[in-house]
Amino acid sequence: MTDVDLDELRAELDDFAQPEKAGGPSARDARIVAGFEEIQRFVEKHGHAPRHGEDKDIFERLYAVRLDRLRAVSEYRALLKPLDYRVLLAETEPIPTGAVPKEVVDEDELLAELRDAAGAQDVTELRHVRTVADKRAAEEIANRKKCENFDRFKPLFIQVQKDLDSGIRQTRPFQTMAEIKKGEFFIVGGQIAYVADLGEEFTTQYERRDSRLRVIYDNGTESDVLLRSLQRALHRDEAGRRITDPAAGPLFAGESGEGDLASGTIYVLRSKSDYPAVVAHRDVLHKIGVTGGDVAQRIASAKLDPTFLMADVEVVATYELYNINRARLENLIHRIFDAARLNIEIKDRFGNPITPREWFLVPLFVVNEAVDRIKDGTITDYLYDPQLATLVRVSER
C-alpha cells in the first residue's frame with residue numbers, strides 16, 4: 001500500500017459532501033462518512049465488498065480504492081467504526097498477485113471516467129461508463145496502420161460485398177464472446193474486417209486464453225489486435241456483425257423479421273419402435289429432418305412408413321426456419337452427423353427392404369448446438385465426433 005495523501009483523499013470525497021449543519025460534524029468528517037456510506041450501499045446491493053480488477057464496474061473499482069485508503073488511516077477507522085456495521089474496515093482480504101495493475105487503481109483515471117460520464121441525474125446512475133478493458137479494446141481497434149500488401153486482400157473484400165448484395169452471404173449479430181477464426185469476415189466500426197492471421201494462443205495474467213490477430217479492413221488499413229479486444233468491440237458495437245460463410249448460405253434466421261416468409265421447420269423425432277437396436281439407444285437415437293409443411297401431418301402415418309422405422313414417433317424439438325433453402329439445409333445437417341448415422345434395414349409393409357437415412361445416434365443437446373451454429377454461420381466448420389459425443393472443428397480432426 002502506498003503512503004496515503006490526505007489532501008488527495010479529501011479532494012476525492014468532496015463529490016460526496018453533504019451541507020454542513022451547525023453543531024454537527026465537521027465538513028471533512030461529513031465527507032468521509034458520506035464516502036463510506038456509498039461503499040456500504042454498494043455492499044448492500046451486491047453482497048460483497050468492492051473489488052479491484054479491470055473487468056469490474058467503474059464504481060466498484062473506485063470504491064475498492066477508497067476502502068483501501070480508509071482502512072489505512074487509523075484516524076478514519078476511528079471515525080467510521082460506529083458506522084461500520086458490516087465490519088468492512090477490519091477486513092484484510094489478500095489481493096491476488098497481478099489483480100490490481102497500476103493503471104487500474106489510478107484514482108485520477110477513475111475519477112476522470114466519472115466526470116466524463118455525462119447525462120445522469122445521480123452519480124450512481126451514470127450511463128455509458130466503460131470498463132478499462134472495453135476502452136482498451138476500442139483503442140486497439142482504432143489503432144491502425146496502412147496495409148502495405150492490401151492489393152492481396154482487396155479482391156476478397158470485393159467478392160464479400162458482391163456476396164452480401166446477392167444474398168449468398170448474410171450478416172448475423174455477434175454473440176457475446178463468440179468464436180473468431182482465421183479467414184472470417186466481420187463488420188465493426190462501420191467497416192468490413194478480415195481476420196488474416198491468428199497467432200498462437202496464450203494465457204493472460206487473469207488466467208484467460210487469448211491470441212493476437214492480424215485484421216485487415218476494407219479501407220486499406222490493418223491492426224494487430226487481441227482476439228478478446230475484437231470480441232469486445234464487436235459486442236459493444238450495436239452495428240457489429242458476423243458475415244456468414246458462403247458455404248452455409250442464407251440457411252437460417254434466428255427469428256422472423258418484417259417481410260420474412262416462414263419456409264419450414266427442422267424437426268427432431270424419437271422412435272417408439274420396439275426394434276432391439278432402437279430400444280437399446282432410444283435416448284440418443286433421433287431422426288433429424290426438414291419439412292415445409294406441418295410436422296404433425298408429416299408424422300401422422302409414421303407407423304406405416306419405413307422412413308420412420310414403421311413405428312410411431314414423438315417430437316422432441318422443432319426449430320422454425322425463415323427464407324432458407326430446405327433441401328440444402330437438410331443435406332448440410334445430415335453431412336455434419338454422417339459419422340453417427342444409424343445403419344439399419346427395415347422392411348416396408350410390402351416386405352421390401354428399406355434403409356432409412358435420417359436417423360442419427362446424437363444427443364439432443366448436440367443438435368441444439370448445431371442449430372445455434374447454423375444461426376451464427378459457423379456450422380460449416382464443424383462435424384460430429386461420435387467418440388467424443390460433441391461437435392469438433394474440422395481443422396482439429
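Residues numbered from 1 in each chain as written. Predicted model: local features only at pLDDT ≥ 70, side-chain atom pairs only at ≥ 80, totals over all residues. Heavy atoms only, no water.

Enquirer: Please set out the nonpolar core residue by residue, giving values where relevant.
Expert: Core analysis: the biggest nonpolar cluster contains 24 residues, and I266, I333, F337, V362 and L391 have the highest contact counts within it. Looking at this core, the elements that each hand over two or more residues are β10 (262-271), β11 (285-291), β12 (313-322), α11 (326-336), α12 (364-376) and β16 (382-385). With five residues, the single largest contributor to this core is α12. In this structure F337 touches I288, F360, V362, V366, V367, A370, Y384 and L391, once residues within four positions along its chain are discounted. (Core = buried A, V, L, I, M, F, W, Y, C linked by side-chain atoms within 4.5 Å. Buried < 20%, exposed > 50% of the residue type's maximum accessible area, 1.4 Å probe, protein only. Helix = DSSP H or I, 4+ residues; strand = E, 2+ residues; numbered from the N terminus. Contact = heavy atoms within 4.5 Å.)

Enquirer: Please give an account of helix α8 (residues 227-236) that cites residues and values.
Expert: The element α8 is extensively covered by neighbouring structure, given that seven of its 10 residues are classed as buried. For α8, the complete set of buried residues consists of L227, S229, L230, Q231, R232, A233 and L234.

Enquirer: Explain the sheet that holds strand β3 (residues 185-188) to me, and be specific about the residues and the numbers.
Expert: Ordered by their spatial adjacency, seven strands build an open sheet running β1-β8-β7-β4-β3-β9-β2, and the pairing between neighbours is antiparallel. Looking at the sheet topology across the chains shown, the edges are occupied by β1 (145-146) and β2 (171-173). Pairing between strand β7 (residues 212-217) and strand β8 (residues 221-226): five bridges, direction antiparallel. Across the sheet, I216 pairs through a bridge with E222, a residue of β8. Across the sheet, helix α7 (residues 150-166) touches β2, β3, β4 (191-198), β7 and β9 (241-243), and the angle it forms with β4 is around 130°. Along the sheet, α8 contacts β3, β4, β7, β8 and β9; its crossing angle with β8, the most-contacted strand, is approximately 105°. (Pairing = 2+ DSSP bridges. Axes fitted to C-alpha atoms, helices over the stretch in contact; angles between N-to-C directions.)

Enquirer: Explain the packing of helix α2 (residues 27-46) against helix α3 (residues 58-72) residue by residue, including any values.
Expert: Two elements in contact, α2 and α3, have axes whose closest approach is 10 Å; the angle formed by their N-to-C orientations is 125°. One element, α2, and the other, α3, form an angle in the oblique class. The way α2 lies across α3 gives a crossing that is left-handed. Contacts from I32, G35, F36, E38, I39 and F42 of α2 reach α3 at E60, Y63, R66, L67 and L70. Within the contact of α2 with α3, the residues separate by chemical class into seven nonpolar, one polar and three charged. (Parallel < 35°, antiparallel > 145°, perpendicular 65-115°, else oblique. Left-handed = near helix turned anticlockwise from the far one by under 90°. Nonpolar A, V, L, I, M, F, W, Y, C, P; charged D, E, K, R; others polar.)

Enquirer: Explain unusual backbone geometry residue by residue, including any values.
Expert: A positive phi is found at L309, a non-glycine position, where the angle reads about 65°. Of note, L309 is situated in the loop between α10 (295-298) and β12. What makes L309 buried here is its relative accessible area of 4%. The backbone of A389 shows a phi angle near 55°, a positive value even though the residue is not glycine. Mapping A389 onto the fold places it in the loop between β16 and β17 (390-393). Residue classification places A389 among the partly exposed positions, given a relative accessible area of 27%.

Enquirer: I'd like a rundown of the packing of aromatic side chains, residues and numbers included.
Expert: Within the structure shown, the criterion is met by eight aromatic pairs. Centroid distance F42 to Y63: 5.9 Å. Interplanar angle 70°. Geometry classified as edge-to-face. Linking F42 in helix α2 with Y63 in helix α3, this pair joins segments that are 21 residues apart in sequence. Y63 carries the same exposure label as F42, and that label is buried. Ring geometry for F174 against F186: centres 6.0 Å apart, planes inclined by 75°, an arrangement best described as edge-to-face. (Phe/Tyr/Trp six-rings, centres within 6.5 Å; stacked < 30°, edge-to-face > 60°.)

Enquirer: Break down the pattern of salt bridges for me, citing the residues and quoting the values.
Expert: When the charged atoms of two side chains lie near each other, side chains of opposite charge can form a pair. Counted according to the given criterion, the structure contains 12 salt bridges. For the salt bridge of R71 with D68, the shortest nitrogen-to-oxygen distance reads 3.9 Å. Taken together, the residues R71 and D68, both in helix α3 and three residues apart, mark about one turn of the helix. On the basis of relative accessibility, which here comes to 17%, the residue R71 falls in the buried class. We classify D68 as buried; its relative accessible area is 15%. D224 serves as the salt-bridge partner of R212, at 3.9 Å between the closest nitrogen and oxygen. (Salt bridge = Lys/Arg side-chain N within 4 Å of Asp/Glu carboxyl O.)

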